[in-house]
Amino acid sequence: MERDSERENGDGSPSSSYSRDIKEARRSMREALRSDLPAAHGGLGVTVVGLIFVAVSAGPG
């Protein structure tokens, strides 16, 4: 199903090219930022250990 703007402007219009470019850029950004479950858990573990270390070394204010 075509969108109204694509129907009005045709496939070769600048706005349709812009939309395709934006969609492609967003898709590649999502792929680059996607992480798998083990990597996410590893990052969480490193963060928790770092926060505990900072809390212990800072003391009670």
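Small disclaimer: the values here were computed from a predicted structure and weren't measured.

A.B. asks: For this particular structure, what's the right way to read the overall build of the chain?
C.D. replies: Looking only at helices and strands, the chain features three helices and zero strands. Scanning the chain from its N terminus toward the C terminus, one meets helices and strands in the order α-α-α. If you sum the accessible surface of the chain, you get close to 5500 Å²; carbon and sulfur atoms cover 62% of it.

A.B. asks: What exactly am I supposed to notice about the pattern of salt bridges here?
C.D. replies: In a structure, side chains of opposite charge can pair up when their charged atoms sit close to one another. Taken as a whole, this structure holds two salt bridges when the rule is applied. In this structure, Arg27 engages Glu24 in a salt bridge whose closest nitrogen and oxygen atoms are separated by 2.6 Å. Placement of the pair is Arg27 and Glu24 together in helix H2 (residues 14-33), with a separation of three residues, close to one helical turn. Its relative accessible area of 44% is what places Arg27 among the partly exposed residues.

A.B. asks: When you look at the confidence of the model for the chain in this model, what are you seeing that I'm missing?
C.D. replies: Mean pLDDT over the chain: 82, with 79% of residues reaching 70 or higher. Put simply, helix H1 (residues 4-9) is where the chain has its lowest mean pLDDT, 50, and helix H3 (residues 37-58) is where it has its highest, 93.

A.B. asks: What exactly am I supposed to notice about the side chain of Ser16 here?
C.D. replies: Here Ser16 lies in helix H2. Using a relative accessible area of 3% as the deciding quantity, one classes Ser16 as buried.

A.B. asks: I'm lost on H3 in this one. Help?
C.D. replies: Since there are 3.6 residues in each turn of an α-helix, residues three or four apart along the chain are aligned in direction. With 22 residues, H3 should cover 32 Å at 1.5 Å per step; its first-to-last C-alpha distance of 32 Å lies within 8% of that length. Where burial is concerned, little of H3 is hidden: zero out of the 22 residues are buried. Backbone geometry just after H3 places Gly59 at a positive phi near 75 degrees.

Calculation rules
- Residues numbered from 1 in each chain as written.
- Predicted model: local features only at pLDDT ≥ 70, side-chain atom pairs only at ≥ 80, totals over all residues.
- Heavy atoms only, no water.
- Helix = DSSP H or I, 4+ residues; strand = E, 2+ residues; numbered from the N terminus.
- Areas by Shrake-Rupley, 256 points an atom, 1.4 Å probe, with all protein chains shown as cover.
- Salt bridge = Lys/Arg side-chain N within 4 Å of Asp/Glu carboxyl O.
- Buried < 20%, exposed > 50% of the residue type's maximum accessible area, 1.4 Å probe, protein only.
- pLDDT = per-residue confidence, 0-100.
- Expected span 1.5 Å × (residues − 1).

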